Amino acid sequence: MIGKFRRAAEAAGAEVLEARTPEAALATLARILKEEGVGAGGRTAVWPAGPLRQRFHPEILAQMLPGLVLEVTREAAAAAHVGVTEFEWGAAATGTLVQDASAVAQRLASTLPPVHVALLPAGAIVADIGAALRRFDPARAAFLALVTGPSRTADIERVLTIGVHGPRRLVIVLYGQEAGHA
Amino acid sequence: MPEELRELVRRALAHPHLSAALTRFSEDYRMSRARAYKGIDFEALRERIAARKAAAAEHLEELAARFAAAASARGAHVVRLDAPGDVHDYILRVARRRGARLVVKAKSMATEEIHLNAALAHAGIEVKETDLGEWIVQLARQRPSHMVLPAIHLTRADVARLFSRETGQTLEAEIPQLVRVAREQLREKFLRADIGITGANIAVAETGSLVLCTNEGNARLVSTLPPVHIAVVGLEKLVERFEDIEPILAALPRSATAQQITSYVSILTGPAEAAGGGPKEMHIILYGHRRAAMAADPVFREALQCIRCASCLNVCPVYRLVGGHVFGRVYTGAIGTVLTAWTEGWEASRGLEQLCIQCGACRDACPARIDLPELILEVRRRAAHAVTPPLAGRAAFVLIGNRRAFHAALRAAALAQKPFTEGPYLRHLPLFFTEAGKNRRLPALAAEPFRDRFPRIGQPRSARRVALFAGCLIDFVYPEIGEAIVRILNRAGLEVLFPEAQTCCGAPARFSGAPEAALANIRDNVEALPGDGAEAVVSACPTCTVALQSDAARVAQECGDAALAGRAARLAEKVVDFSTFVHRLAAEGSLRLPSGADLPAVTYHDSCHLKRTLHAAQPPRELLQSCGYALREMQESDVCCGMGGSYSLKMPEVSAAMLARKLRMIAATEAAGVAVDCPGCLMQIRGGCAAAGAPTRVRHTAEWLASLLGPAH
Ligand code: SF4
């Protein structure tokens, strides 16, 4: 399932990294932020609350991820270079990330910065979008967000161009064990 | 067709790059769409979509009420409005209350339909389209020319000019840079906007959910950043259940842009948290306008199944020549022709329905399984009723409807043209007598029609008999095709009958919106056929085959003659196209065709009706190959040659452009011959080759086969 998800996500223009444990995921995230220059020259990243973030004490986060802002306002997200968000489900067939984004911070962090890092438990990958949608009750989720690859357009001469309004780079970090392997 | 439309067609065809760009796109699209649907049962998928959407179309108001109840319960303000002006007023009221100065919009066809931008601008509110293509078109002060790719008619140089004017900088025609400029320019608008307006791709009645698909991510920003979100949703977007999203989501991106899924799909159920905290102010306008009337119309209700994927534009051989500024208004292409007639009235759309060549490519591609060609014919019929047809046209159809008079006239015409038979080729025969045929050189009618030649061909007595339905073209223009058919059937030991009272199949009258004449044709043919003891009625013209096989009973039914419809349906069971029938004879061992040595290579052109209505693309190919002809497939063998019956007379420029392309494809195969199963295509392609001085031999499959049987006795 992971292999299928990875192939589909990469075909859609996303990068997929794997981390065995939550700690390894954090280390991977730190590497990406550094690569993107976050923490230097006033470059920031935003990461709204999510299960992975909650596992770590804010001081550890501050130490490992310099430049990270945890208070995700509209202004902070608009100023950030990287947005980190946590997704609930992945759809293998299309490489799609699925998230209840009713909390506005999730949407701000995943739409405004030019780089988006999506964290997803490897055990949460299901067959396809239909299977993922069946795990949500729309009456409880005001905004379901499905994300597949970076923002793209082909509106000028049909030439594919990445990063028009949303992120130009999407990195997916899969962490933990695939379902059925634990 | 109104002269203005004709002029637009001419200008579009003369445009330096429009046709080339659109044609390249449609070529790519065919291939990438096929890739996107790989491993998916398209027929099953569209069956599901059609079923769900058809069910919704039957209960539009009920679903609208359920949607309103569900979305209101979640905290959205939902209104059901009809008049475009009421939608304007509603939105302006919200805007005034919020003191709004700037509105950002994501792509929405419904707001284009009601010309919302103009109304907002008139009220002093700045409106920014944020979909890149829409923004480009807005800056160009034009309207979108394609439902999914609004600016497909513009080049990067055009865009650079527009952006330079907008930003006051001098920008190079470099796409990544232009996209960056758009991001910067619009980002600031997103952050400053007071109201965001979107449409929706799907609206779910049971949950009150809206589904928004974009690749750019602009709908996410439009619905998230401003404190107010207004969604203008056409009633046709309603489906009943949340799970109905699935098949639509599987088909829409694949059909629209050949993607598995769009980059972003957002499902909004009631207001989510606003960017400044607290719930957002969300308004949903369920917009009806003429949709309720369409839903009440037994024929046009089907058009409400549309999911706006635009594949009916992408596969249309006419759209790719003239583009959406000619072929459509707000909605473009095949579905645009139908919707424009409803949303803007018969007057506004008059002529659009004439652009359709009835090739059926859109019907095959439509993921909502809408019979678009049939709906366009219905537009034609109703438009013909709305405007009194010119007298000459009507008189001609009276003539075509009267078999004796019609055949007498054809014989007279054949005599009259004697001195100059070498002239260009006759188009769809009966139309020769309508106004469309005026000012044309006389066609090459055969000196002796097939019906006069047939009695001289001695027929064997046989227990197996088949009736030959010749159709006007074989009867009066290409009797040699008729002779070839008879020889092949005789070779199989069959006795051929030619019931003399047969007449035109009725298709020309039907396609021209003259059902009375078609009905007269059907009556004559039902009387005449199948003939004494015939097991089958064989036709070597796919248009005639379809007319007899499926249209005759329907036309009779529609004209209220149930008895005739019943007889036509019984006749239909015996009707079969030539290649399918002969292939069957060969397969059952009744016919052994000789195989020749050193035969020329041929390429095969698929006639629209044979391929897409009769689904018989393989039999002629297999027959030709089994006889030893090497088959060299041309590119896009199933794209219409531009004949389309009277189309080539009514729209000569479009027809000629389609033919020119077909001839290029044929030439590229370097085959010595072209095989076709339709005498109409044969006339078009043979005429084209003759005019181009190409030595290519263009013959009916029956002729290629019969030529191996040795000289006729
Ligand atoms: S009519 Fe069919 S093919 Fe055309 S836009 Fe609608 S769904 Fe797509």
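Residues numbered from 1 in each chain as written. Chains lettered and ligands numbered in written order. Predicted model: local features only at pLDDT ≥ 70, side-chain atom pairs only at ≥ 80, totals over all residues. Heavy atoms only, no water.

The next subject is the sheet that holds strand β3 (residues 126–129) of chain B. All names here are of chain B. Across the sheet, six strands lie side by side as β1-β10-β7-β4-β2-β3; this open sheet has parallel pairing. What marks the edges here is a single partner per strand, and that holds for β1 (77–81) and β3. Taking the axes of each pair of neighbouring strands and ignoring which way they run, one obtains an average angle of 20 degrees across the sheet. By the bridge criterion, seven bridges tie strand β7 (residues 228–234) to strand β10 (residues 281–287) in an arrangement that is parallel. (Pairing = 2+ DSSP bridges. Helix = DSSP H or I, 4+ residues; strand = E, 2+ residues; numbered from the N terminus. Axes fitted to C-alpha atoms, helices over the stretch in contact; angles between N-to-C directions.)

Topologically, Thr-148 of chain A is positioned in the loop between β9 (143–147) and β10 (152–153). Under the relative-accessibility criterion, Thr-148 of chain A is labelled buried at 4%. Those residues in contact with Thr-148 of chain A, other than ones at most four positions away along the chain, are Ala-12, Thr-94, Gly-95 and Thr-96 of chain A together with Ile-261, Thr-262 and Ser-263 of chain B. (Buried < 20%, exposed > 50% of the residue type's maximum accessible area, 1.4 Å probe, protein only. Contact = heavy atoms within 4.5 Å.)

Now for the packing of helix α30 (residues 578–587) of chain B against helix α32 (residues 618–626) of chain B. Residues and elements named next belong to chain B. The interhelical angle for the contact between α30 and α32, taken along N-to-C directions, is 55 degrees, at an axis separation of 8 Å. In terms of orientation, α30 and α32 fall into the oblique class. By crossing handedness, the relation of α30 to α32 is classed as left-handed. Within the contact between the two elements, α30 uses Ser-579, Thr-580, Val-582 and His-583 and α32 uses Pro-619, Pro-620, Glu-622 and Leu-623. Classifying every residue of the contact of α30 with α32 gives four nonpolar, three polar and one charged. (Parallel < 35°, antiparallel > 145°, perpendicular 65-115°, else oblique. Left-handed = near helix turned anticlockwise from the far one by under 90°. Nonpolar A, V, L, I, M, F, W, Y, C, P; charged D, E, K, R; others polar.)

A word on the packing of aromatic side chains. For the structure shown, the criterion picks out eight aromatic pairs over all chains. Between Phe-454 of chain B and Phe-498 of chain B, the ring centres sit 5.8 Å apart and the planes meet at 40 degrees, which makes this aromatic pair tilted. Of this pair, Phe-454 of chain B sits in the loop between α23 (450–453) and β11 (465–469) while Phe-498 of chain B sits in the loop between β12 (495–497) and α26 (507–511), and the two are 44 residues apart along the sequence. As far as the burial class goes, Phe-454 of chain B and Phe-498 of chain B line up, both buried. A network of ring pairs unites the aromatic residues Phe-450, Phe-454 and Phe-498 of chain B as a single cluster. One residue, Arg-135 of chain A, lies across the ring of Trp-89 of chain A, its end atom 4.8 Å from the ring centre. Over the ring of Trp-704 of chain B we find Arg-699 of chain B, and its NZ or CZ is 4.8 Å from the ring centre. (Phe/Tyr/Trp six-rings, centres within 6.5 Å; stacked < 30°, edge-to-face > 60°. Lys NZ or Arg CZ within 6 Å of the ring centre and 35° of its normal.)

Residue and element names in this part refer to chain B. This structure, assessed with the given rule, holds 65 salt bridges over all chains. Ionic pairing is found between Glu-527 and Arg-567, a salt bridge with its closest N-O pair at 3.2 Å. Placement of Glu-527 in helix α27 (residues 515–528) and of Arg-567 in helix α29 (residues 562–572) is noted, with a sequence separation of 40 residues between them. Measuring nitrogen to oxygen at the nearest pair gives 2.6 Å for the salt bridge that ties Arg-661 to Glu-636. On the criterion of sequence distance, the pair formed by Arg-661 in helix α34 (residues 652–669) and Glu-636 in the loop between α32 and α33 (647–650) is long-range, its members being 25 residues apart. (Salt bridge = Lys/Arg side-chain N within 4 Å of Asp/Glu carboxyl O.)

Moving on: the domain arrangement of chain B. Looking at the assigned domains, one finds that chain B contains domain 1 (1–36 + 310–387), domain 2 (54–291), domain 3 (397–587) and domain 4 (602–709). On a C-alpha basis, the centroid separation for the pair domain 2 of chain B and domain 4 of chain B is 45 Å. (Domains from an automatic or database assignment.)

Taken together, the contact pairs 60 residues of chain B with 45 residues of chain A. Taken together, both faces of the contact between chain B and chain A bury some 4300 Å²; the carbon and sulfur share is 58%. Linking chain B to chain A there are three salt bridges. Between Arg-158 of chain A and Asp-28 of chain B there is a salt bridge whose closest N-O contact spans 3.3 Å. For the pair chain B and chain A, the number of links is 31 residue pairs in polar contact (both at pLDDT 80 or more). Of all the secondary-structure elements, those providing two or more residues to the side of chain B that touches chain A are α2 (18–36), α8 (132–139), α9 (156–167), α10 (175–192), α11 (218–224), α12 (245–257) and β9 (264–269) of chain B. Taken together, the residues that form the side of chain B that touches chain A break down as 32 nonpolar, 17 polar and 11 charged. By the bridge criterion, five bridges tie β9 of chain A to β9 of chain B in an arrangement that is antiparallel. Looking at the pairing, Ala-145 of chain A lines up with Ser-266 of chain B of β9 of chain B. (Buried area = accessible area lost by both parts, 1.4 Å probe. Polar contact = N/O pair within 3.5 Å; in protein donor to acceptor, adjacent residues only side chain to side chain.)

Take helix α25 (residues 479–491) of chain B next. When the terminal C-alpha atoms of α25 of chain B are compared, their 19 Å separation across 13 residues agrees well with the 18 Å that a helix rising 1.5 Å per residue should span. Regarding α25 of chain B, the residues found buried are Pro-479, Ile-481, Gly-482, Ala-484, Ile-485, Val-486, Ile-488 and Leu-489 of chain B. (Expected span 1.5 Å × (residues − 1).)

This next bit is on the side chain of Ser-102 of chain A. Examined against the element boundaries, Ser-102 of chain A turns out to sit in the loop between β6 (96–100) and α6 (104–111). Within the local environment of Ser-102 of chain A, its side chain forms a polar contact with the side chain of Asp-100 of chain A, the two groups lying 2.5 Å apart. When residues no more than four places from it in sequence are discounted, the contact partners of Ser-102 of chain A are Arg-107, Ala-141, Ala-142 and Phe-143 of chain A together with Ala-272 and Glu-273 of chain B.

All names here are of chain B. In terms of nonpolar packing, the biggest core is built from 156 residues, with Phe-67, Phe-163, Ile-284 and Val-318 touching the most fellow members. Of the residues forming this core, the biggest block, seven residues, is contributed by α10. Each residue touching Val-318, except ones within four places of it in the same chain, is listed here: Phe-327, Leu-355, Ile-357, Tyr-647, Val-654 and Met-658. Core analysis: the next-biggest nonpolar cluster, separate from the first, contains 105 residues, Val-496, Leu-529, Cys-541 and Cys-544 among them. (Core = buried A, V, L, I, M, F, W, Y, C linked by side-chain atoms within 4.5 Å.)

This brings us to the pairing of strand β12 (residues 169–175) of chain A. A regular strand carries its side chains on alternate faces of the sheet. Residues and elements named next belong to chain A. Burial of β12 is extensive: seven of the seven residues sit out of reach of the surface. Side chains of β12 alternate between two faces, with Arg-169, Val-171, Val-173 and Tyr-175 and Leu-170, Ile-172 and Leu-174 buried alike. In the sheet, strand β1 (residues 15–19) pairs with β12 via five bridges, with the strands oriented parallel. The residue of β12 that forms the bridge with Glu-15 is Val-171.

Taken together, 13 residues sit near the ligand, with Cys-306, Cys-309, Ala-310, Cys-312 and Cys-366 of chain B positioned nearest. Residue classes in the shell around the ligand are distributed as 11 nonpolar, one polar and one charged. (Near = heavy atom within 4 Å.)

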